[in-house]
Each structure stands twice: as structure tokens, then as C-alpha cells.
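Now for the letters of each chain:
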Amino acid sequence: MYSEVSTALRTLLSKKISWEFGRVSRAEESFMTSVSARDFLNYVKVEQGFLYDNQAPEERAIYYIEDLIERKPFLLSSILDDWFTVWAMKWKQRVKLASDKDVDEELVKRIEQETKLFIGLPVFEEAKRFALGSLVKNGEVCFTDTLSEVVVKNTLFSMVVRAGSSEDVRKTLDRNPIFLLNEISKRVKMLSKFKGPLVALKFERVIFSEEPWFMK
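Residues numbered from 1 in each chain as written. Predicted model: local features only at pLDDT ≥ 70, side-chain atom pairs only at ≥ 80, totals over all residues. Heavy atoms only, no water.

Undergrad: What exactly am I supposed to notice about the pattern of salt bridges here?
TA: Opposite charge on two side chains allows them to pair when their charged atoms are near. By the definition in use, this model includes 18 salt bridges. One salt bridge connects Lys 92 with Glu 20, and the closest N-O pair in it is separated by 2.5 Å. Highlighted residues: Lys 92 in helix 4 (residues 73–94) and Glu 20 in helix 1 (residues 2–21), separated in sequence by 72 residues. Looking at Glu 20, the relative accessible area reads 28%, which means it is partly exposed. The shortest N-O distance in the salt bridge between Glu 140 and Arg 94 comes to 2.7 Å. With Glu 140 in the loop between helix 6 (122–137) and helix 7 (144–163) and Arg 94 in helix 4, this pair connects stretches of sequence that are 46 residues apart. Relative accessible area serves as the criterion here: at 2%, Arg 94 is assigned to the buried category. It is possible to trace a salt-bridge network through shared partners that takes in Glu 112, Glu 125, Lys 128, Glu 149 and Lys 153. (Salt bridge = Lys/Arg side-chain N within 4 Å of Asp/Glu carboxyl O. Helix = DSSP H or I, 4+ residues; strand = E, 2+ residues; numbered from the N terminus. Buried < 20%, exposed > 50% of the residue type's maximum accessible area, 1.4 Å probe, protein only.)

Undergrad: Which parts of the structure should I look at to understand helix 8 (residues 166–175)?
TA: Owing to its 3.6 residues per turn, the α-helix aligns residues three or four sequence positions apart on the same side. All of the buried residues in helix 8 are Ser 166, Val 169 and Leu 173. Projection of helix 8 onto a plane perpendicular to its axis shows the buried side chains occupying an angular sector of 60 degrees, all on one side. Facing away from the buried side of helix 8 by over 90 degrees, the exposed positions are Asp 174 and Arg 175. For helix 8, the secondary structure elements touched by its buried residues are helix 5 (105–115), helix 6, helix 7 and helix 9 (178–193). (Arc of directions from axis to C-beta. Contact = heavy atoms within 4.5 Å.)

Undergrad: Can you help me understand the environment of Arg 170 in this one?
TA: Note on placement: Arg 170 falls in helix 8. A relative accessible area of 24% means that Arg 170 is categorised as partly exposed. For Arg 170 and Val 123, which are 47 residues apart along the polypeptide, the C-alpha to C-alpha distance reads 9.3 Å. In this structure, Arg 170 is in contact with Leu 117, Phe 118 and Leu 121, ignoring residues within four places of it in sequence. A distance of 2.4 Å separates a polar atom in the side chain of Arg 170 from a polar atom in the side chain of Glu 167. (Polar contact = N/O pair within 3.5 Å; in protein donor to acceptor, adjacent residues only side chain to side chain.)

So far we have only geometry, and geometry alone does not tell us how the molecule works.
Written out as C-alpha cells, the structure reads:
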């Protein structure tokens, strides 16, 4: 099921990308198509209320898209047109080609080090899901997987800096995980008001490699 939906969706998105962005290399188009397919799937999960469904939200979203392709192609076309208009605008606004100086590698390493304690914990996964929903609802529909993780890690990092240690933050969240969600909500609202780039891409060996654009 997944491959059939993915292929059909990628074909539609690839045509839209080619039309909207003009002449791009095959590698660029393939990369952009993959990102947009994930973003549209995330958009469907949020808009259709599947995101907080513990019964396989990914599969439900895929089935929903497949059903539209087979039974309501005109409705899918309308939804996709409206969504892609925003996605393309956000790509142009949020994504930039990066040089080495555009990414603070030391800050990235520090954030990764200070937040590794939380990776895999239920509170971290729930926070990413909450961040994804908040981003989409605030109109951030491009690079949603990347931005949701960046928002959570940056929020945790900020909390660690204030608290003094990752362990202290973990204990706080064990008692009150809602505190993290409130902080994420504030950060997403701040992010949505920012009009510059949020994602930096390095073009190496004719293939895009993705790096998060960390806001200080």
C-alpha cells in the first residue's frame, strides 16, 4: 500500500515542483519531492486528526490519501493545490543553500550532547508529535519532520541551560511533562513570526544533505 501511494503522490508532487521551481537538477527534484511527500503526509495526519491516534497514524494517513486517489481524485487535487501553494512559498522563505559558516557546528554538537538523555523517552516522542501539530497549525508545512525535532531539541537545550543539567530537566518533566509542551508552543509561535530561513542545505556530491538551521 505504502509504495503505491508514495509513487502516485511523488508523481503529482514532482510535476508541481518542476512547474513551480523551473529548471532544477534531477537530484534536486528528487530530494524536494521526497521532502514534500513527507510534509504532505504530515499535513494530512494533522488536518484529519490522525496525529494523536495510537492506532498507526501514519498508516491511516496513507490509506486516506490512497482512498482519495482512487475514489475522489478531484478532491485530492484541490487539497494538494492549496497545500502546495503554501509549501512552495515556505520552501522559498525557509530553505537556503548553506556554506560552512551558516551552521554553528559547536552549537549543534552542544545541543546534541545536552539533549541525548531525552532521545527515545516517551516525553521526547510525544513532544515531537506535539511540535509537528503546532507547526502545521501555524502554517509551517515545509520540512516538518526536521523542524519538529529541532524545536524539541532547542527547547530542551534552553531548559537545560536554565536548570544547569539534563538530569534536573528530566526529573522536572517526569513530574510535569506539560511544562515542555507549553515551552514548545511558545517557541513555535515565535518561529512562525520569523520570516527568514530556518533550514540550511549543503549541496555536496550532486546530492542534498540536510542540516537543521538552528535559531539562536
